[in-house]
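# Coordinates in review
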Amino acid sequence: EDFLESFVCVEDLADTSRARRTRIRGADHAPTADVDRGAMYGEPEDDDLAAEEQASSLRAFEKHYQSENTWEDLVEDESGMLRVTTGDKGYREKRRKIALAASNSHVCKGMIRFVYVVLDLSQAVNEEDMRPSRLAVISSLMYKFFREFFNQNPLSQLGLVVTRNGIAERVTELSGNPETHIAALKENLDAAGDMSIQNSLEQVHASLVQLPMYGSREVLFVVSALSTCDPGNVHTAIAAAKNAKIRVSVVSVAAEMHVCRRMTEETGGIFGVAQSQHHLEELLMAHAPPPPLNEESTKPSLVEMGFPQKRPLDKDAFFSGRGGDYVCPRCKSRVEELPSQCTVCKLTLVSSAHLARSYHHLFPVPPFTEGFGLDDEGKRHTSCFACYVDFEEGNESTSNENAPSVCPKCKKTFCFVCDVYIHEKLHNCPGCELVKFLAEEGQ
């Protein structure tokens, strides 16, 4: 008992001296006496830990709406009533895209692109961090990407390569029909083994190096794995792609890989990591419009093109080529689809519609300015020039769909829906076309 009492006394003295030293330090450093110990050593507070635990417990579809403050969508109008403005975010985003496309109109872009899409079908795509799985999400987005790519690049050609089990397999050759790639991908969705970047680069390099220099050579990797299984030095394949003027871009579903980052930096491509399913779609669709043209990788030259006529093939008829309804104007052989290259005389075959649709990248419609236009009598326009929807009286933009905007050339007023359709789909202003038509007719 005497020993225990002495031990307690020693502990009391130690506590007293520790408290005394603490008070002395607090007196010497008064400004920092009340600093939290966790904040002093960089430790997270309880509120931060609770917020992190709550964020990690959210499902994938809930994280998409986590940063959206829905209460900020309520605004009070002039009459004192609450109005929901849920579409303002999408409205501003589309306005930003239209302005960005107009700002890049002076940048030289390639009208003819030769692109290979390398799809990672390793066992990593079977992960279920996206619903229902990565494979289901990626495949559906690839179908959408194929159609959007040929909508933006009617004169370009695209091919598909899948990598699994440490090898690369060329599923489709370069062609201009999106349905061909979609049908081939649906039949080759078996995921197994590991991804191989080196084999994929060597596969596409053998095809792209033989193409003419007037078209841009590009490769787009859609990667889900966190490692690559290569038979040799992958940096040798990267150097060969760089020497062949091949632009390699990567969209990663899982996380960043150093070799992918270095590959895009050396070849002048773009690297992106998807944070969600919605973000993955944005990263993929960003590769659909033609990128700025590199003067060192392409050489401007005159390209001889042919405009074949469509003639049905007679029964039991002899023909040259692969067969089809389109007849080459030079050698009279038949091809199946447009645009393509004649298998006999190697002439580039396109249609006049494809050529006309390619010019909207060179001469885009200028962005419209928000507000109302005036007629010949100086009165404000009360309806959309395209769809004739009426604008509400006394309000500049009561709703996003009816938000008016004016073409800077013809001074016609359009609603926001028609504004987006003109810039993203039509690529021609109806008011400007009407002015040209009236000028030609002498009215």
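Everything numeric in this text was worked out from a predicted model, so none of it was measured. (Residues numbered from 1 in each chain as written. Predicted model: local features only at pLDDT ≥ 70, side-chain atom pairs only at ≥ 80, totals over all residues. Heavy atoms only, no water.)

### Overview of the packing of aromatic side chains
One pass over the full model with this rule turns up six aromatic pairs. An angle of 40 degrees between the planes, with centres 6.1 Å apart, marks the rings of Phe145 and Phe149 as tilted. Taken together, the residues span about one helical turn, with Phe145 and Phe149 both in helix H6 (residues 134–152) at a distance of four residues. Between Phe372 and Phe391, the ring centres sit 5.3 Å apart and the planes meet at 85 degrees, which makes this aromatic pair edge-to-face. Placement of Phe372 in the loop between strand E15 (369–370) and strand E16 (405–406) and of Phe391 in the loop between E15 and E16 is noted, with a sequence separation of 19 residues between them. (Phe/Tyr/Trp six-rings, centres within 6.5 Å; stacked < 30°, edge-to-face > 60°. Helix = DSSP H or I, 4+ residues; strand = E, 2+ residues; numbered from the N terminus.)

### Here we look at the pairing of strand E4 (residues 157–164)
Counting buried residues along E4, eight of its eight residues qualify, which places the element largely inside the surrounding structure. Residues of E4 alternate between two faces, with Gln157, Gly159, Val161 and Thr163 on one and Leu158, Leu160, Val162 and Arg164 on the opposite face, all of them buried. Bridge analysis of strand E3 (residues 113–120) against E4 gives seven bridges, and the strand direction is parallel. Residue pairing in the sheet places Leu119 in a bridge with Val162 of E4. (Buried < 20%, exposed > 50% of the residue type's maximum accessible area, 1.4 Å probe, protein only. Pairing = 2+ DSSP bridges.)

### What to know about the confidence of the model for the protein chain
Summarising the model, the protein chain shows a mean pLDDT of 79, and 70% of its residues fall at 70 or more. Every residue in residues 1–44 is under pLDDT 50, and counting partners more than four places away or in other chains gives four contacts. Below pLDDT 50 for its whole length, residues 394–398 participates in eleven contacts with residues either more than four positions away or in separate chains. (pLDDT = per-residue confidence, 0-100. Contact = heavy atoms within 4.5 Å.)

### Remarks on the pattern of salt bridges
Using the criterion set out here, one finds ten salt bridges in the structure. We note a salt bridge from Glu173 to Arg170, for which the minimum N-O separation is 3.3 Å. Using a relative accessible area of 26% as the deciding quantity, one classes Arg170 as partly exposed. Here Arg330 and Glu304 are joined by a salt bridge, their closest N and O atoms 2.8 Å apart. (Salt bridge = Lys/Arg side-chain N within 4 Å of Asp/Glu carboxyl O.)

### Some thoughts on the state of the cysteines
For the coordinates displayed, the defined rule picks out zero disulfides. A disulfide-free cysteine, Cys432 has its sulfur positioned 3.7 Å from the sulfur of Cys407, the nearest such atom. (Disulfide = S-S within 2.5 Å.)

### Looking at the pairing of E3
Within E3, eight of the eight residues are buried, leaving the element largely enclosed by the surrounding structure. Of the two faces of E3, the one lined by Arg113, Val115, Val117 and Leu119 and the one lined by Phe114, Tyr116, Val118 and Asp120 are each fully buried. The pairing of E3 with strand E6 (residues 216–223) spans seven bridges and is classified as parallel. Paired with Tyr116 across the strands is Val219, a residue of E6. Handedness of the crossover is the feature at issue here: the chain leaves E3, passes through H6, returns alongside E4, and the resulting connection is right-handed. (Right-handed = clockwise from strand over helix to strand, strands pointing away.)

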